[in-house]
Amino acid sequence: MTTSTKKNLVASSPCPVCSSPTVPYIPHIYDDRYGHPGSYSIMRCHSCGTLTTEPPLKPEDIGPLYTDYYPRHIIDLQSVEARGNRSETLHQRFMYWWYGNHKIQHMLPLQGDSKRVLDIGCGDGASLIELERRGFEAYGIETDENISIVRDALKLNLHIGTIEDCPFPQGTFDYAIANQVIEHIIDLESFIAHTKQFMVKNGTLILSTPNADSIYRRIFGRAWAHWHIPYHQHILTSRAIGILLARHGFEVISKRTVSPTTWMIHTLNRLRFTPQQGMKNPLWAYEQKDAAASQEKPSKNHGFPAKLKSVLKRAVYLLVLNLISLCNRIVDLLQSGDCIVISARLK
């Protein structure tokens with residue numbers, strides 16, 4: 001590491017949660033998914049454990065960053081609507097649990113009874129369709145301008161922007177949910193303060209976010225999938241989230257960890273292939289994959305040996321997948337998994 005790099009790392013901002021000093025944790029880390037060209041560092045607070053990306057993004061960077069780099073340029077409206085209207089069996093719910101495919105909206109009551117839900121960072125809007133189907137009055141916020149196509153076509157209550165400039169009526173939401181969102185936020189205090197303004201007294205806030213105390217973060221280091229530079233601005237511990245929420249009048253009522261099997265596969269793929277800075281990772285190029293799949297010609301039948309090879313390959317894949325899932329469920333029992341899920345009540 002050069003002398004100038006060391007100086008830049010030492011001249012760090014205080015922890016955004018507890019204001020304690022931060023120290024260098026990972027120097028020179030960059031976007032290894034979508035090819036954003038910037039170089040960043042990870043700083044760590046030894047008091048509350050918060051991990052912070054430096055230099056931070058500016059508020060005016062957020063919209064263009066997600067619009068230009070996140071892979072939502074091609075949106076299948078039928079797929080969005082189908083996912084939102086899909087009824088799930090008990091077996092499907094079990095498989096979601098087994099593979100760690102956590103849906104934060106499943107923590108809400110099965111029947112909405114016209115309760116209002118604010119989904120902050122609602123992605124392509126499929127969650128809003130599901131919540132409406134279950135009887136909730138659903139509203140969403142999303143920074144990606146590409147999602148305006150979905151909003152207009154499906155007539156969703158969806159604001160393109162941030163919680164700070166959201167026009168929805170304040171003090172009227174029974175639930176606020178933010179699935180894998182708070183790690184993207186630049187100003188944590190502003191985010192929680194504005195979220196609070198939209199909620200009724202005794203309303204419930206549910207957050208899920210990468211876990212800075214994850215055992216996998218310690219094992220895999222810079223290959224850990226949840227760094228997601230520069231989109232993730234903060235990786236928090238459950239203690240840090242508790243400090244942040246308490247400061248704004250919330251009381252934590254439950255917490256646990258969830259480790260998605262797919263994210264472990266992303267981490268293992270990162271060990272296998274590391275793109276150069278500014279290069280799109282082909283393993284994350286969804287649009288290229290969709291285009292290639294649409295042009296792919298069906299393979300010819302090469303007889304029994306080819307079929308046997310295909311069956312064995314599939315069996316090995318499923319074995320590995322389920323071994324990963326078994327490890328993840330054990331890790332989650334120990335509360336050391338990849339993501340924290342926290343429910344809090346506004347006092």
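Peer 1: Talk me through the overall build of the protein chain; I want residue IDs and the actual numbers.
Peer 2: A count of helical and extended segments in the protein chain gives 12 helices and 11 strands. Taking 2.2 N^0.38 as the reference for a compact globule, 347 residues should give roughly 20 Å; the C-alpha atoms of the protein chain span a radius of gyration of 21 Å, in line with that estimate. For the C-alpha atoms alone, the extent of the protein chain along its principal axes is close to 65 × 60 × 40 Å. The buried share among the 347 residues of the protein chain stands at 46%. Element-wise, carbon and sulfur atoms account for 57% of the exposed surface of the protein chain, whose accessible area totals about 17,500 Å². When the 38 basic and 32 acidic side-chain charges of the protein chain are each reduced to a single mean position, those positions are 8 Å apart.

Peer 1: Now, about the nonpolar core: what can you tell me, with residues and values included?
Peer 2: Nonpolar side chains tend toward joint burial in soluble globular proteins. Of all hydrophobic cores here, the largest spans 34 residues; its most connected members are Leu118, Ile120, Phe168, Ile182, Phe191, Leu245 and Phe250. Not counting the four nearest positions on each side in its chain, isoleucine 182 is found in contact with Leu188, Phe191, Ile192, Leu207, Thr209, Leu236 and Leu244. Counting residues in hydrophobic clusters, the runner-up holds 24 residues, among them Ile26, Tyr34, Tyr40 and Ile42.

Peer 1: Now, about the sheet that holds strand E2 (residues 39–45): what can you tell me, with residues and values included?
Peer 2: The antiparallel open sheet is built from four strands, whose spatial order is E1-E2-E3-E9. In this open sheet, the two strands that pair with only one neighbour each are strand E1 (22–30) and strand E9 (234–235). With six bridges joining them, E1 and E2 adopt antiparallel strand pairing. Paired with tyrosine 30 across the two strands is serine 39, which belongs to E2.

Peer 1: Explain the confidence of the model for the protein chain to me, using residue names and the numbers behind them.
Peer 2: When pLDDT is averaged across the protein chain, the result is 89; 90% of the residues are at 70 or more. In the predicted structure, residues 1–10 sits below a pLDDT of 50 and forms seven contacts with residues beyond four places in sequence or in another chain. Low pLDDT, under 50, characterises residues 287–296; the stretch is placed with seven contacts to residues that sit more than four places away or in other chains.

Peer 1: Which residues make up the pattern of salt bridges, and what values do they have?
Peer 2: Note that side chains of opposite charge can pair when their charged atoms are close. Going through the model one piece at a time under the given rule, you end up with eight salt bridges. Note that glutamate 137 and arginine 116 form a salt bridge whose closest N and O atoms lie 3.2 Å from each other. Residue glutamate 137 is found in strand E5 (residues 137–142), and its partner arginine 116 is found in strand E4 (residues 116–120); the two are separated by 21 residues along the sequence. Judged by relative accessible area, glutamate 137 falls into the partly exposed class, the value being 28%. On the basis of relative accessibility, which here comes to 19%, the residue arginine 116 falls in the buried class. Its salt-bridge partner being aspartate 213, residue arginine 218 comes within 3.8 Å of it at the nearest N-O pair.

Peer 1: Tell me about helix H9 (residues 238–247), and please be specific about residues and values.
Peer 2: Every buried residue of H9 is listed here: Ala240, Ile241, Leu244 and Leu245. In an axial view of H9, the angular spread of the buried residues amounts to 125°, which keeps them on one side of the axis. Structurally, H9 contributes buried residues whose contacts are with helix H7 (188–198), strand E8 (199–210), strand E10 (250–258) and strand E11 (339–346). A positive backbone phi angle near 85° is found at glycine 249, which sits one or two residues after H9.

Peer 1: How would you sum up unusual backbone geometry? Please name residues and give values.
Peer 2: Here glutamate 54 and proline 55 are connected by a cis peptide whose omega angle stands at -5°. By the element assignment, proline 55 lies in the loop between strand E3 (51–54) and helix H2 (59–69).

Peer 1: Give a description of the pairing of E8 that names residues and reports values.
Peer 2: Along E8, nine of the 12 residues are buried, which leaves the element largely enclosed by surrounding structure. With six bridges joining them, strand E7 (residues 173–179) and E8 adopt parallel strand pairing. Residue pairing across strands places alanine 178 opposite leucine 207, the latter belonging to E8. Regarding topology, H7 serves as the crossover connection from E7 to the parallel E8, and that connection is right-handed.

Peer 1: Quick one: what's the story with the side chain of threonine 204, residue by residue and with numbers?
Peer 2: Note on placement: threonine 204 falls in strand E8. The residues contacting threonine 204, other than those within four sequence positions of it, are Asp174, Tyr175, Ala176, Met199 and Ala344.

Peer 1: Residue-level account of the sheet that holds strand E6 (residues 158–160), with values.
Peer 2: Taking strand neighbours across the sheet as the criterion, the seven strands line up as E6-E5-E4-E7-E8-E11-E10 in an open arrangement whose pairing is mixed. Every interior strand has two partners, whereas the edge strands, E6 and E10, have only one. With strand direction ignored, the average angle separating the axes of adjacent strands in the sheet is 15°. Taken together, the three bridges between E5 and E6 define a ladder with parallel strand orientation.

Peer 1: Account for the side chain of histidine 234, with residues named and values stated.
Peer 2: Counting through the fold element by element, histidine 234 comes out in strand E9. In terms of polar contacts, histidine 234 uses its side chain to reach the backbone carbonyl oxygen of isoleucine 186, at 3.1 Å. Ignoring anything within four residues of it in the chain, the contact list for histidine 234 reads Pro16, Leu51, Thr52, Glu183, Ile185, Ile186 and Leu188.

Criteria and cut-off values
- Residues numbered from 1 in each chain as written.
- Predicted model: local features only at pLDDT ≥ 70, side-chain atom pairs only at ≥ 80, totals over all residues.
- Heavy atoms only, no water.
- Helix = DSSP H or I, 4+ residues; strand = E, 2+ residues; numbered from the N terminus.
- Rg over C-alpha atoms; globule rule 2.2 N^0.38 Å.
- Buried < 20%, exposed > 50% of the residue type's maximum accessible area, 1.4 Å probe, protein only.
- Areas by Shrake-Rupley, 256 points an atom, 1.4 Å probe, with all protein chains shown as cover.
- Lys, Arg positive; Asp, Glu negative; His and termini not counted.
- Charge placed at Lys NZ, Arg CZ, Asp CG, Glu CD.
- Core = buried A, V, L, I, M, F, W, Y, C linked by side-chain atoms within 4.5 Å.
- Contact = heavy atoms within 4.5 Å.
- Pairing = 2+ DSSP bridges.
- pLDDT = per-residue confidence, 0-100.
- Salt bridge = Lys/Arg side-chain N within 4 Å of Asp/Glu carboxyl O.
- Arc of directions from axis to C-beta.
- Right-handed = clockwise from strand over helix to strand, strands pointing away.
- Axes fitted to C-alpha atoms, helices over the stretch in contact; angles between N-to-C directions.
- Polar contact = N/O pair within 3.5 Å; in protein donor to acceptor, adjacent residues only side chain to side chain.

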